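A structural walkthrough
Here are the chains, one letter per residue:
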Amino acid sequence: MPKKTTRRTFLKRTIGSLFTLFGLSSGGYYYANKIEPSMLGIEQITITHSLIPDSFNGIRIVQFSDTHLGFQYTLHQLKKLVNQINQLKPDLIFFTGDLMDEPNRYTKMNKLVPILEKLHAPLGKFCIFGNHDHGGYGSDLYRNIMEAANFTVLLNQSSVIKLQDHSKIYLLGIDDAMLGSPDLPLALKNVPKNNFTILLSHAPDLADDAQDYPIHWQLSGHSHGGQVKIPLIGALIKPPFAQKYLEGLYTLGDGNKLTLYVNRGLGTTRLPFRFLSKPELTVFTLNKEKA
Ligand SMILES: [Fe+2]
């Protein structure tokens, strides 16, 4: 005989399920607010191309992106990150934008140079502007910090990376698509054809333009990998210019002319949560494709 549901057992069950629901959601809240944002995934990617000179074989690049300091990401995390990057022994370091969440409101700006200047890469440290680096009159503040920390800021510019045997590859940095003025022809002005060329663009969706130029790889950030991804629904945050390319590798153009890599970034913005989109450091290793 089925057990009669008394008012008391009904209340008990309801309170029980509410409690379970609350427990799960507060657990979920805690995970997305405290646990996942403090995780770090180190992705290893090989960049293979026939135009990479032999002597660049094995050269290591570390890309970090979107720290958004001042929103949720802390100076303590940045210090730890700098040690982690140095332990990876990169030859080159690239920062692909959004250093501070709101540059004109960030009160610990004077602490940044001593931390960032500790990053060590014998072939150079390069960076570009993200939308948050331009926001709140941040452009000069960001440039000053990065230059004082020995980064070369590439604003629609190129830089040649040369080894002792004079072999070289080219690096381009483009302005941010949301709040800046990206100009690919200007950035390519001093780049001769038939040289391996990497583009740094905060906004991943600029790859649709980049594929029409002699650019072989593009490294981007901005998307935060969606930041919060709900199963069956997808990414909660898809900013303009990161609508199409959200995270990881993509190939574009005829004969896969351009390869795009989108880094999920380290910090958060707008919502202090990450879910199914762990913070990321990317280590690229150059590899000459044999004919
Ligand atoms: Fe960002």
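What counts and how
- Residues numbered from 1 in each chain as written.
- Predicted model: local features only at pLDDT ≥ 70, side-chain atom pairs only at ≥ 80, totals over all residues.
- Heavy atoms only, no water.
- Donors = N, O, S within 2.8 Å, 3.2 Å for Na, K, Ca; no water.
- Tetrahedral: all angles 85-135°; square planar, octahedral: opposite > 155°, others 65-115°.
- Helix = DSSP H or I, 4+ residues; strand = E, 2+ residues; numbered from the N terminus.
- Pairing = 2+ DSSP bridges.
- Contact = heavy atoms within 4.5 Å.
- Axes fitted to C-alpha atoms, helices over the stretch in contact; angles between N-to-C directions.
- Polar contact = N/O pair within 3.5 Å; in protein donor to acceptor, adjacent residues only side chain to side chain.
- Core = buried A, V, L, I, M, F, W, Y, C linked by side-chain atoms within 4.5 Å.
- Buried < 20%, exposed > 50% of the residue type's maximum accessible area, 1.4 Å probe, protein only.
- Salt bridge = Lys/Arg side-chain N within 4 Å of Asp/Glu carboxyl O.
- pLDDT = per-residue confidence, 0-100.
- Patch = residues over 30% accessible without salt bridge, like charges linked within 9 Å, V, L, I, M, F, W, Y side chains within 5 Å.
- Areas by Shrake-Rupley, 256 points an atom, 1.4 Å probe, with all protein chains shown as cover.
- Expected span 1.5 Å × (residues − 1).
- Arc of directions from axis to C-beta.

On to the coordination of the iron ion. By definition of the ideal shapes, four donors in a tetrahedron about a metal sit 109.5 degrees apart, and six donors in an octahedron sit 90 or 180 degrees apart. For the iron ion, the full set of protein donor atoms is Asp 66 (OD), His 68 (NE2), Asp 98 (OD) and His 224 (NE2), at a range of 2.0 to 2.4 Å. Bound by 4 donor atoms, the iron ion shows angles of 84 to 173 degrees at the metal and therefore irregular coordination geometry. Between consecutive donor residues of the iron ion, the sequence gaps follow D-x1-H-x29-D-x125-H. Placement of the pair is Asp 66 in the loop between strand S2 (60–64) and helix H2 (75–87) and Asp 98 in the loop between strand S3 (92–95) and helix H3 (112–116), with a sequence separation of 32 residues.

Before going further, it helps to spend a moment on the sheet that holds S2. The strand order across the open sheet built from 6 strands is S1-S14-S2-S3-S4-S5, with neighbouring strands paired in mixed fashion. With one partner strand each, in any of the chains shown, strand S1 (41–49) and strand S5 (152–153) form the two edges of the open sheet. Set on the sheet, H2 makes contact with S2, S3 and strand S14 (280–288); between it and S2 the angle comes to about 165 degrees.

Mapping Thr 268 onto the fold places it in the loop between strand S13 (258–262) and S14. Note: C-alpha distance between Thr 268 and Met 100 (168 residues apart in sequence) is 11 Å. When near neighbours in sequence (up to four residues on either side) are disregarded, Thr 268 contacts His 68, Phe 71, Gln 72, Asp 101, His 224, Gln 227, Phe 273 and Arg 274. Within the structure, Thr 268 has its side chain in polar contact with the side chain of Gln 72 (distance 2.6 Å).

The subject of this paragraph is the environment of Thr 269. With respect to the helices, strands and loops of the structure, Thr 269 is situated in the loop between S13 and S14. At 2.8 Å, the side chain of Thr 269 forms a polar contact with the side chain of Asp 101.

On to the environment of Asn 104, then. Inspection of the secondary structure assignment puts Asn 104 in the loop between S3 and H3. Sequence-wise, Asn 104 and Leu 141 are 37 residues apart; in three dimensions their C-alpha atoms are separated by 8.1 Å. Those residues within four positions of Asn 104 in sequence are excluded, and the remaining contacts are Gly 136 and Leu 141.

Here we come to the nonpolar core. With 33 residues, the main nonpolar core has Phe 64, Leu 99, Leu 112, Leu 116 and Met 146 as its most contacted residues. Where this core is concerned, the elements lending two or more residues are S2, H2, S3, H3, helix H5 (139–148) and S14. The contact partners of Met 146, leaving out residues within four places of it in the chain, are Phe 95, Leu 99, Leu 116, Cys 127, Phe 151 and Val 153. One finds Leu 92, Ile 161, Phe 284 and Leu 286 within the second-largest nonpolar core, a separate group that totals 23 residues.

What the rule picks out here adds up to 7 salt bridges. The shortest N-O distance in the salt bridge between Arg 264 and Glu 43 comes to 3.1 Å. Note that Arg 264 is positioned in the loop between S13 and S14 and Glu 43 in strand S1, a separation of 221 residues in sequence. Through salt bridges with shared partners, a single network forms among Glu 43, Lys 229, Glu 247, Arg 264 and Glu 280.

Before going further, it helps to spend a moment on the confidence of the model for the protein chain. In the predicted model, the protein chain carries a mean pLDDT of 91, and the fraction of residues at 70 or more is 92%. Counting contacts from residues 1–5, a segment whose pLDDT is below 50, to residues more than four positions away or on other chains yields 3 contacts. pLDDT under 50 marks residues 14–23. Its contacts with residues more than four places away, or in other chains, come to 0 contacts.

Moving on, we get to a nonpolar patch on the surface. A grouping of Ile 230, Leu 232, Ile 233, Leu 236 and Leu 271 is seen on the molecular surface, where their side chains present a nonpolar patch of about 540 Å² in accessible area. Mapped onto the elements, Ile 230 comes out in strand S10 (residues 229–230).

On to the pairing of strand S9 (residues 217–220). Across the two faces of S9 the burial is the same, with Trp 217 and Leu 219 and Gln 218 and Ser 220 all buried. The sheet contact formed by strand S8 (residues 197–200) and S9 spans 3 bridges and is parallel. Its bridge partner lying in S9, Leu 199 is registered against Gln 218. Inspection of the sheet shows S9 paired to S13 by 4 bridges, in the parallel sense. Its bridge partner lying in S13, Ser 220 is registered against Val 262.

Since the α-helix advances by 3.6 residues per turn, residues separated by three or four positions end up pointing in the same direction. Given a rise of 1.5 Å per residue, 13 residues ought to cover 18 Å, and the 19 Å separating the end C-alpha atoms of H2 matches this to within 8%. The complete set of buried residues in H2 reads Leu 75, Leu 78, Leu 81, Val 82 and Ile 85. Viewed end-on, H2 has its buried residues packed into an arc of 110 degrees, placing them on one side of the element. Across H2 from its buried face, at more than 90 degrees, point the exposed residues His 76 and Gln 87. Buried residues belonging to H2 abut S2, S3, H3 and S14.

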